[in-house]
Amino acid sequence: MSFLPLADVEMNNETQPFWDALHNNTLLLPRCTSCASVVWYPRAHCPVCFSTELEWEEMSGRGTIYSYSIVAKGNGRWKESGPYVVAYIELSEGPRILTNIVNVTPSEVHINMPVTAVFDTGDDGRVLLRFTSVSTS
Amino acid sequence: MSVRGKAFIAGAYEHPLRTIPNKTVQQVHAEVAAGALADAGLSFSDVDAYFCAGDAPGFGALSMAEYLGLQLTHIDNTETGGSSYLLHVQHAAEAIAAGHCHVALITLAGLPRSSGAGIGGAGRFGSAPEVPFENFFGLSIVAGYAMAARRHMYEFGTTSAQLAEIKVAAASHAQHNPNAFLQNTVTVEEVLQSKMVADPLHMLDCCVVTDGGGALVVVSPEVARKLSRHSVPVLGTGFAVKHVNNGRIDLTHTGAVVSGPRAFTEAGLSPGDIRYASIYDSFTITVLTTLEDLGFCEKGKGGEFVSGGGLQAPFGKLPFNTDGGGLCNNHPSNRGGITKVIEAVRQLRNEAHPAVQVPNCQFALAHGTGGNLATRMGSATLILGQEV
């Protein structure tokens, strides 16, 4: 695991399978059976075609960095975590999602860097989806 | 239906203080309301419509109507962050044009400095559906804008020195504003050497944190005619929501791509007609991207446009934020917005500081950005004139 804070995430019936899958080191996202869009963030309908016929599908967990920032000093529980990297990564399946880049020296992070999923799990069972460089994974 | 010329800004008032200890938020709302009504030559009993956003306490307009003692037939709590108050001007103009009201009061107030809230949004996140997927990664407000700046640099070659030029111009204006929170001029070098907050944004790329507020009074043409004060007509309005669009995030464009052309079309004007622009400046990158999206320069050429004093009053290519803006003067309630309209009104009334007053300022634009740049935002554009 990384040394960044984990969180007590509030789940609901729309998002529970996503979080349950993370506990099994799997990235699941809904795919629309009508227009084939991958839905980000998870919800009960497709925001592209408004269909409610979605199926959970395993994603590759691979992507590239779309943009990032090295935060010198965070707020609240993140106060002592800096410098850390916040990034939007583009999943191979399309969506650009917010995450942290972990286990990489911040100054080595760059746009287009290939990354892979880290299922960052604490001893207390809390889990967040983070990413690391493909070369360091 | 166009609102062009159907509503006038008759009163505008900015709270003179930047630190306001020992007052409540509602009290500051009341103070700026009184200031704007006095500016217009109207009183609280003339108000029949009231507009406020998320900075107002309790039930918003319901709570505030009772607190202020207003008798209302029209209210609006529309909350789009820092762009709320520009959108309120549009909504007030629409309501006036529809005959629902004649005197609309808009207020903003906040005390983030005295309350120790620091920089950040006053947004109502709570149980929003995006929260579990975005709020647990240490994403500060600055970091969100920093990612937009990083991507702009990557796609267009924009530099930190070019972003710094925006702060330099704002500071050169703020030196003439005795109420500005920061009144010192700065150099590009000083911006680049200031502390890195969220790479690539430095401390001096960020707006100030101030207590304060502002208010506007928007009236019908019939009311405006009876007032002795110079009322500024609303000529064009535009608004757009931009969100992540199912993960298709595009960090280098804002909702101004849509709101700008709508406002220009309604006003019958183009960017070349604008003599002064108030551009929402939560961060330097906010200004750069917005200028491009509003059509003041080609996409990706914002860095060149702002360089070499391009934004400096009174003779730059496009004088902007002559009060010193959010970067130097005031960013009350961590959102500002209303201050953008107030300075545009000063310019059109020929009441800006003489050192920064744009000569013959016939048309001005004010633009508000609310939420997070390019990802979950409201963009509001107003075009105002000296006369219809």
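Residues numbered from 1 in each chain as written. Chains lettered and ligands numbered in written order. Predicted model: local features only at pLDDT ≥ 70, side-chain atom pairs only at ≥ 80, totals over all residues. Heavy atoms only, no water.

A. Focus on the overall build of chain A. Assigned secondary structure in chain A consists of 1 helix and 7 strands. Along the chain direction, N to C, the helices and strands of chain A fall in the order α-β-β-β-β-β-β-β. The C-alpha atoms of chain A give 15 Å as radius of gyration, which agrees with the globular expectation for 137 residues (14 Å, within 12%). Along the longest, intermediate and shortest principal axes, the C-alpha atoms of chain A span 45 × 35 × 25 Å. Taken over 137 residues, chain A has a buried fraction of 52%. Here the contacts in chain A between residues at least 6 apart in sequence split such that 52% fall between residues at least 24 apart. Working note: accessible area of chain A is about 6400 Å², and carbon and sulfur atoms make up 46% of it. Distance from the positive charge centre (9 side chains) to the negative charge centre (15 side chains) of chain A: 9 Å. (Helix = DSSP H or I, 4+ residues; strand = E, 2+ residues; numbered from the N terminus. Rg over C-alpha atoms; globule rule 2.2 N^0.38 Å. Buried < 20%, exposed > 50% of the residue type's maximum accessible area, 1.4 Å probe, protein only. Contact = heavy atoms within 4.5 Å. Areas by Shrake-Rupley, 256 points an atom, 1.4 Å probe, with all protein chains shown as cover. Lys, Arg positive; Asp, Glu negative; His and termini not counted. Charge placed at Lys NZ, Arg CZ, Asp CG, Glu CD.)

B. Structural context of the interface of chain A and chain B. Listed by partner, the interface residues are 42 residues for chain A and 28 residues for chain B. Broken down residue by residue, the surface that chain A buries against chain B is led by Tyr41, Tyr66 and Tyr88 of chain A, which jointly contribute 22%. The tally of links between chain A and chain B comes to 0 salt bridges. In this assembly, chain A and chain B are joined by 14 residue pairs in polar contact (both at pLDDT 80 or more). Contributions of two or more residues to the side of chain A that touches chain B are made by α1 (16-23), β3 (62-71), β4 (84-91), β5 (96-101) and β7 (127-133) of chain A. Here the residues of the side of chain A that touches chain B sort into 27 nonpolar, 9 polar and 6 charged. Sheet topology places β3 of chain A next to strand β5 (residues 196-199) of chain B; 2 bridges connect them, and they run antiparallel. (Buried area = accessible area lost by both parts, 1.4 Å probe. Salt bridge = Lys/Arg side-chain N within 4 Å of Asp/Glu carboxyl O. Polar contact = N/O pair within 3.5 Å; in protein donor to acceptor, adjacent residues only side chain to side chain. Nonpolar A, V, L, I, M, F, W, Y, C, P; charged D, E, K, R; others polar. Pairing = 2+ DSSP bridges.)

C. Molecular detail of the state of the cysteines. All names here are of chain B. Per the counting criterion, the structure on display carries 0 disulfides over all chains. Just so you know, cysteine 101 is unpaired, no disulfide at all, and the nearest cysteine sulfur is the one on cysteine 52, 14 Å from it. Between cysteine 206, a free cysteine, and cysteine 207, which holds the nearest cysteine sulfur, the sulfur-to-sulfur gap is 6.8 Å. Look at cysteine 206 and you get buried, because its relative accessible area is 6%. (Disulfide = S-S within 2.5 Å.)

D. Layout of the environment of tyrosine 280 of chain B. Residues and elements named next belong to chain B. Examined against the element boundaries, tyrosine 280 turns out to sit in the loop between β9 (276-279) and α10 (284-293). We classify tyrosine 280 as buried; its relative accessible area is 4%. A sequence separation of 10 residues divides tyrosine 280 from threonine 290, and the C-alpha atoms of the two residues are 8.2 Å apart. Leaving out residues up to four positions away in the same chain, tyrosine 280 has contacts with Gly82, Thr286, Val287, His331, Asn334, Arg335, Gly336, Gly337, Lys340, His367, Gly368 and Thr369.

E. Structural context of the packing of helix α5 (residues 141-156) of chain B against α10 of chain B. Residues and elements named next belong to chain B. Where α5 contacts α10, the axes come no closer than 9 Å and their chain directions differ by 55 degrees. As judged from the angle between their axes, α5 and α10 are oblique. Here α5 and α10 pass one another in a crossing that is left-handed. For the pair α5 and α10, the contacting residues are Tyr145, Ala148, Ala149 and His152 in the first and Ile285, Thr286, Leu288, Thr289 and Glu292 in the second. (Axes fitted to C-alpha atoms, helices over the stretch in contact; angles between N-to-C directions. Parallel < 35°, antiparallel > 145°, perpendicular 65-115°, else oblique. Left-handed = near helix turned anticlockwise from the far one by under 90°.)

F. Inspection of the environment of histidine 367 of chain B at higher detail. Residues and elements named next belong to chain B. Mapping histidine 367 onto the fold places it in strand β10 (residues 363-372). What makes histidine 367 buried here is its relative accessible area of 0%. When near neighbours in sequence (up to four residues on either side) are disregarded, histidine 367 contacts Leu86, Ala256, Ser259, Ser278, Ile279, Tyr280, Thr290, Leu294, Lys340, Ser379, Ala380 and Thr381. At a separation of 2.9 Å, a polar atom in the side chain of histidine 367 contacts the side chain of threonine 381.

G. Summary view of the domain arrangement of chain A. Residue and element names in this part refer to chain A. Domains assigned within chain A are domain 1 (12-59) and domain 2 (60-137). Using only C-alpha atoms to locate each centre, domain 1 and domain 2 end up separated by 21 Å. Each partner contributes residues to the interface: domain 1 has 12 residues there, and domain 2 has 12 residues. On the domain 1 side of the interface with domain 2, the three residues burying the most area are Leu22, Trp40 and Met59, jointly 45% of the side's total. (Domains from an automatic or database assignment.)

H. View of the side chain of arginine 349 of chain B. Residues and elements named next belong to chain B. Mapped onto the secondary structure, arginine 349 falls in the loop between α13 (338-348) and β10. Overall, the relative accessible area of 9% leaves arginine 349 in the buried class. Not counting chain neighbours up to four residues away, the residues in contact with arginine 349 comprise Ile9, Ala10, Gly11, Ala12, Asp39, Arg229, His230 and Val232.

I. Focus on the packing of aromatic side chains. Per the counting criterion, the structure on display carries 9 aromatic pairs over all chains. Taking 5.3 Å as the distance between ring centres and 75 degrees as the angle between the ring planes, the aromatic pair formed by tryptophan 40 of chain A and phenylalanine 133 of chain B counts as edge-to-face. Placement of tryptophan 40 of chain A in the loop between β1 (28-32) and β2 (54-58) and of phenylalanine 133 of chain B in helix α4 (residues 131-134) is noted, with the two residues assigned to different chains. Here the aromatic rings of tyrosine 145 of chain B and phenylalanine 283 of chain B are separated by 4.7 Å at their centres, their planes lie at 40 degrees, and the arrangement is tilted. (Phe/Tyr/Trp six-rings, centres within 6.5 Å; stacked < 30°, edge-to-face > 60°.)

J. Just the sheet that holds strand β11 (residues 376-385) of chain B, in detail. Residue and element names in this part refer to chain B. With mixed pairing, 9 strands are arranged side by side in an open sheet as β3-β2-β4-β7-β1-β8-β11-β10-β9. The open sheet has two edge strands with one neighbour each: β3 (74-76) and β9. The mean angle between the axes of side-by-side strands here comes to 20 degrees, regardless of whether they run parallel or antiparallel. Of the strands in this sheet, β8 (232-242), β10 and β11 touch helix α9 (residues 256-267), which is tilted by about 155 degrees from β8. Its contacts with the sheet place α13 against β1 (8-14), β4 (103-110), β7 (212-219), β8, β9, β10 and β11, and it is angled at close to 115 degrees to β1.

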